[in-house]
Amino acid sequence: MAVVVNAMLESLTKQVFTALQEHARFALDFKDQFELMKTRLDLTKALLADTENLKEKKKVVKAILIRLRDLIYEADNIMTDCLVRDEYQKEASCTSLTLKKPLFWYQTGKKLKDVNAQLGEMEKSLGEHLKYQDQSDHGDNTSQSMKYTAQDYVPSEIIGLEEDLKRLRGWIGDTKDDLLLVGIVGMGGLGKTTFAQKIFNDQHVAGRYDNMIWVSVSQVSSDMRIMRSMLEQLESRCSVSDEAQMLHKLSELLKGKSCLIVMDDVWNINQGWWNQFFSGLQSAVGESSCIIITTRNEEVLTSMGVDKSRIHRPKLLTANDSWLLFSKSAFSRCRDRKCPDAQFERVGKELLEKCGGLPLAIKAVAALLAPRSNSVLQWNEINENFHELTAGRNFTSVMASLQLSYDELPIHLKQCLLCFSVYPEDSEIQAEQLVHWWVAEGLIQGKGSKTAKELGFRYLSELVTRCLVEAVNRRGYDGRVYCCKMHDMVRELATRIAEEESFGKFDEQGRQEMTANSRWLGFTSEMNAEPLKKSSKLRALLIMSTNDQVVFGRHFGLLGSLRVLDFSLTKLEKISTEELVEWISSLKRLAYLNLSGIVGLKEVPYSFRKLRNLQFLVFAGLNELGKIDQITSLKKLVVLDLGSCFQYLPSGIERLSYLQELSGFKVASNSRSAASCKFCDLEKLVHLRVLRMSIGKDSEITENEREVLLKLKKLKVLAIDAQDCEDNIISTMLNILSPPPSLQELYLRRYHQDTLPTWINPERLSKLQYICIENGEIIDFQTSPLSVDGRDFPWNIEGLCFKVLQKLKLDWKKVEEDMPSLQYAEVSGCLNLRNFPHPLDKLATWRRSED
């Protein structure tokens, strides 16, 4: 319980302090009460830190924390209302608010006094309990936050099972069956999915097949969901919804083609559906196709028709292989990556005995110990805690290792991890959606020069490094996570803790159940929408249902506490968009809104001006969106993503003074009406860190606008889409640009000129770490250009990406010699690239370590 409370306390304290410091109007109106609140919040934070150190929280403490969480949420609502009202009052036209000021003043003052009084009572209760708490229950400083890096551990590495992999490759390679069935069976944490991933990602295996399909099945999956997942991987838009039509469509798309299908984590199967599905597939696919099935239950494989000779049962790791896997992570920071002395080896091997040869348990424990590889005392303490969990609480070795990993997380990572509990089992989660949620909810605040969003991505990487989250897709050169998922056993831990701390309710299969006290909810097709009308406490709502019958409108109920509303995980085509957006406009405390699943949305209504607390607004994928005039009224926006919206931004963009990220900015002509935003208007967005823009034949950038980007001194990421325009005016406009030296990442797409813009050189972009050029017609890329005075000026780039540059003439050996900082590259469709060590007919990657 202290996890979420602590996060909200941090955010709320910061808001109160900022309001007092900047003399906001509402802070002056209630100065005494806000100063008292800040004092109370600071003391509460200190008391909460003590409760986190208790090995077992007493019932009385848990009860207090539940009350405290509700109270903090109430205080946050008051603070948000004051901030929203303050924004309104800055507009002279809001005379109606002035008339209502006495009533607002009276109600808010009364609420603040009540909150402060209750805070005082709870501090007293917590303080009295902690005063008598035995000091032996307190942890020492060994559980302090440890720094993890992406290089500490590679979670998908396989140790001691190379022969098993070789045998599976042999089964697949030697088959004469039209459709081979292969099973991988074993207990949770044994590495079944890792095995299947190794086969699936093997270049030699992939070269045998026309199509590769991966389906995460899980224990609550449906036949329709399995087929829809397959269809979406074969074609970008799945246009059929009937089961028979789906079966027919799959057979049609795979007819005569060889394919590899992985069905991961199958708990049970609808026998009638499977017989029909397999029969149809068997008669359609080409020779030597294969289906790999992973499961915990061998009876599932038997019922699906897998021959016993083609069932693989991964073994527990031997003592030697367990130590090898453990050492790769646990001693990754030691000299020569070896065990420092016999004491560490003794403790490490004691822990390994408790792990019982299970790879997941070994990985989790090793990742936990790695930052402590200079303290055998801390290793001993973790060893003792592990023993307590397995003996005293009857945890399995895997669950004990995961519980230890969770217990050792710093508070900011615990709160982030619990958010995963609302996603259904085996969900693939977009990292950006997660991070936007964390920030909008107030779980993360910026620190120093790092924005809250930048810290969010760092926190997600730490969870991956600690083996609590799996990276599904990540950027090659620096490991930034794009997409992730959670192992079902880690999710079991997350849902159990979430329920223990009164965060949410889950059924026996781990599915979330809606209650009146729910704070976060992943709304799925299986849920009844009716209880949502009474969910006034809900703060985050992620719509995962594809049911167009669910009507979101004014009669749906006012979710007054809602901060996060996300439609990106659904696709609602028949919903009444007018009624929906009017309902959304009533959610005055909303901080994050993602409408990308509302495909029929055509305009942003005038009522959107009410969303004065909105900080993240995403329209990605809304091709029909036209009128967006009200966006410039949302002055607290930090991220604005227009995606593929074809409209120009309205004038007044300079009002969005907090904006840090702008995507989908279409450069207009200066001759267009005054209602359109011009390129020069960007120069006032001084906090901008990410800019993604498109320049076409109707755009205009003049010589007078040469320094517009140069004034954006915090800009780190610049992406330019030249829209396949072949007119030379594109080259002229791009050469006028002058990005700031702070730029770290550059993306140039659909640029059909022979030479790159003159400013793309290491002297001008000395901090550039990554460059990506795609779908262009450039002929040359200077790997070691000369400076203005004739000196060599080498690039400091660490990663690059060249895709579909058919005219590019370059010798890769020269790239390696002239660019010593380069560590990673992705290349495809560059037919004139010489001496690249891999075939270029498909995406190929290169790493410096390969030399």
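This write-up is about the structure you can find in this document.

How each quantity is defined
Counting starts from 1 at the beginning of each chain's written sequence and moves along it residue by residue. Side-chain atom pairs in this predicted model are given and counted only at pLDDT of 80 or more, local residue features only at pLDDT of at least 70, and totals for whole chains, interfaces and linings cover all residues. To obtain the side-chain values, all non-hydrogen atoms of the structure were included, while hydrogens and water were left out. Here a strand is any run of E in DSSP of at least two residues, a helix any run of H or I of at least four, and the numbering for each starts at the N terminus. Between buried and exposed lies partly exposed: a residue is buried under 20% and exposed over 50% of the maximum accessible area for its type, with that area taken using a 1.4 Å probe on protein chains only. Note on definitions: a residue-residue contact is assigned when non-hydrogen atoms from the two residues lie within 4.5 Å. Accessible areas in this description were obtained via Shrake-Rupley with a 1.4 Å probe; residue shielding takes into account the shown protein chains only. Here the nonpolar core consists of buried residues drawn from Ala, Val, Leu, Ile, Met, Phe, Trp, Tyr and Cys, with membership extended through side-chain atoms lying within 4.5 Å. With axes taken as lines fitted to C-alpha atoms, and helix axes fitted only over the stretch in contact, angles between N-to-C directions fall between 0 and 180 degrees. Should an angle fall under 35 degrees it is taken as roughly parallel, and over 145 as roughly antiparallel, whereas 65 to 115 is taken as roughly perpendicular and any remaining angle as oblique. Whether a crossing is left-handed or right-handed is set by the direction in which the near helix is turned from the far one by less than a right angle, anticlockwise for left-handed and clockwise for right-handed. Each residue gets one label: Ala, Val, Leu, Ile, Met, Phe, Trp, Tyr, Cys and Pro are nonpolar, Asp, Glu, Lys and Arg are charged, and the others, such as Gly, are polar. Paired strands, as defined in this entry, are two strands with at least two bridges between them according to DSSP. A pairing counts as a salt bridge when a side-chain nitrogen of Lys or Arg comes within 4 Å of a carboxyl oxygen of Asp or Glu. Put simply, two rings from Phe, Tyr or Trp (the six-membered ring, in Trp's case) pair if the centres are within 6.5 Å, and we call them stacked under 30 degrees between planes, edge-to-face over 60, tilted for the rest. To count toward a patch, a residue needs a relative accessible area over 30% and no salt bridge; like charges are then connected within 9 Å, while nonpolar side chains (Val, Leu, Ile, Met, Phe, Trp, Tyr) are connected within 5 Å. The positive count covers Lys and Arg only, the negative count covers Asp and Glu only, and His and the chain ends enter neither. Every charge is mapped to an atom, namely NZ of Lys, CZ of Arg, CG of Asp or CD of Glu.

This part covers the overall build of the chain. On a plain count of helices and strands, the chain comes out with 25 helices and 26 strands. In the chain, buried positions account for 56% of the 851 residues. A separation threshold of at least 6 residues defines the contact pool for the chain, and within that pool the share at least 24 residues apart is 68%. Total accessible area on the chain stands at roughly 37000 Å², and carbon and sulfur atoms take up 48% of it.

Ranked by size, the top nonpolar core spans 103 residues in total, and within it F326, F420, W437 and W438 carry the most contacts. Looking at this core, the element that brings in the most residues is helix α16 (residues 359–369), giving eight residues. Among the nonpolar cores identified, the runner-up in size contains 101 residues, and V581, L768, A825 and C830 belong to it.

Attention now moves to the packing of helix α14 (residues 319–330) against α16. Between α14 and α16, the shortest axis-to-axis distance is 8 Å and the interhelical angle comes to 30°. The angle between the axes of α14 and α16 places the two elements in the roughly parallel class. Note that α14 runs across α16; the crossing there is right-handed. Contact with α14, carried on its side by S322, L325, F326, S329 and A330, involves P359, I362, K363, V365, A366, A367 and L369 of α16 and no other residues of that element. Grouping the constituent residues of the contact of α14 with α16 by class yields nine nonpolar, two polar and one charged.

Moving on, we come to the pairing of strand β1 (residues 179–185). Burial of β1 is extensive: seven of the seven residues sit out of reach of the surface. In the sheet, β1 pairs with strand β4 (residues 289–295) via seven bridges, with the strands oriented parallel. Within β4, the residue paired with I184 across the bridge is T294. As paired strands, β1 and strand β5 (residues 311–312) are joined by two bridges and run parallel to one another. By the bridge assignment, G183 is partnered in β5 with I311.

Time to look at the sheet that holds strand β7 (residues 470–474). Spatial ordering of the open sheet is given by β6-β8-β7, a layout of three strands whose pairing is antiparallel. Two strands bound the open sheet, and with one partner strand each, they are β6 (429–430) and β7. Against the sheet, helix α21 (residues 452–465) contacts β7 and β8 (481–485), and its axis sits at roughly 45° relative to β8.

With that out of the way, let us pick up the pattern of salt bridges. Considering all chains together, one arrives at 27 salt bridges under this definition. Between E661 and R692 there is a salt bridge, with the nearest N and O atoms lying 3.2 Å from each other. Pair noted here: E661 is in strand β17 (residues 661–666) and R692 is in strand β18 (residues 690–694), with a separation of 31 residues, a long-range link. Of the residues examined, E661 reaches a relative accessible area of 8% and is grouped as buried. Residue K807 pairs with E777 through a salt bridge whose shortest N-O separation is 3.4 Å. Residue K807 is located in the loop between β22 (799–803) and β23 (810–811), and its partner E777 is located in the loop between β21 (770–774) and β22; the two are separated by 30 residues in the primary sequence.

Hydrogen bonds along the backbone pair up the strands of a sheet, which may run parallel or antiparallel. The strand order across the open sheet built from five strands is β2-β3-β4-β1-β5, with neighbouring strands paired in parallel fashion. Among the strands making up the open sheet, the edge pair consists of β2 (211–218) and β5. Inspection of the sheet shows strand β3 (residues 259–266) paired to β4 by four bridges, in the parallel sense. Bridge pairing in β4 places I261 opposite I291. In the packing of helix α8 (residues 192–200) onto the sheet, contacts are made with β1, β2, β3, β4 and β5, and the angle to β2 comes to roughly 170°.

Throughout the structure, instances matching the rule amount to 20 aromatic pairs. With centroids separated by 5.6 Å and ring planes inclined at 15°, the aromatic side chains of F331 and W379 adopt a geometry described as stacked. Here W379 lies in helix α17 (residues 376–392) and F331 lies in the loop between α14 and α15 (342–355), a separation of 48 residues in the sequence. In this structure, F331 and W379 share a single accessibility class: buried. Between Y477 and Y770, the ring centres sit 4.9 Å apart and the planes meet at 10°, which makes this aromatic pair stacked. Taken together, the residues Y477 in the loop between β7 and β8 and Y770 in strand β21 connect sequence positions 293 residues apart.

With that out of the way, let us pick up unusual backbone geometry. Residues other than glycine seldom take positive phi values, yet S288 does so here, at roughly 65°. Following the sequence through the fold, S288 ends up in the loop between α12 (271–284) and β4. Positive phi values are uncommon outside glycine, yet N835 reaches one of about 65°. On the secondary structure map, N835 appears in the loop between β25 (833–834) and β26 (844–847).

Moving on: helix α24 (residues 729–736). Residues separated by three or four positions in an α-helix point in the same direction, a consequence of the helix having 3.6 residues per turn. Among the residues of α24, those classed as buried are I730, S731, M733, L734 and I736. Where α24 is buried, its residues contact β19 (717–721) and β20 (745–749).

Here Q615 is to be found in the loop between β14 (592–594) and β15 (616–618). Residue class for Q615 comes out buried when judged on its relative accessible area of 17%. For the pair formed by Q615 and Y592, sequence separation is 23 residues and the distance between their alpha carbons is 6.0 Å. Apart from the residues lying within four places of it in its own chain, the contact partners of Q615 are A591, K636, L637, V638 and V639.

Below, the discussion takes up helix α20 (residues 431–441). With respect to burial, α20 is a largely interior element, ten of its eleven residues being buried. For α20, every residue scored as buried is listed here: A431, Q433, L434, V435, H436, W437, W438, V439, A440 and E441. Looking one or two residues past α20, G442 carries a phi angle of roughly 90°, positive in sign.

At a minimum axis separation of 10 Å, helix α19 (residues 411–418) and α21 run at an interaxial angle of 85°. Judged by the inter-axis angle, α19 sits roughly perpendicular to α21. Residues H412, L413, C416 and L417 of α19 form the contact with α21, whose participating residues are Y459, E462 and L463. The residue makeup of the contact of α19 with α21, split by class, is five nonpolar, one polar and one charged.

Turning next to a negative patch on the surface. On the surface, D177, D178, E287 and D307 cluster together into a patch of negative charge. Considering the arrangement of structural elements, one finds D178 in the loop between α7 (162–174) and β1.

By themselves, these observations are geometric and do not establish any function.
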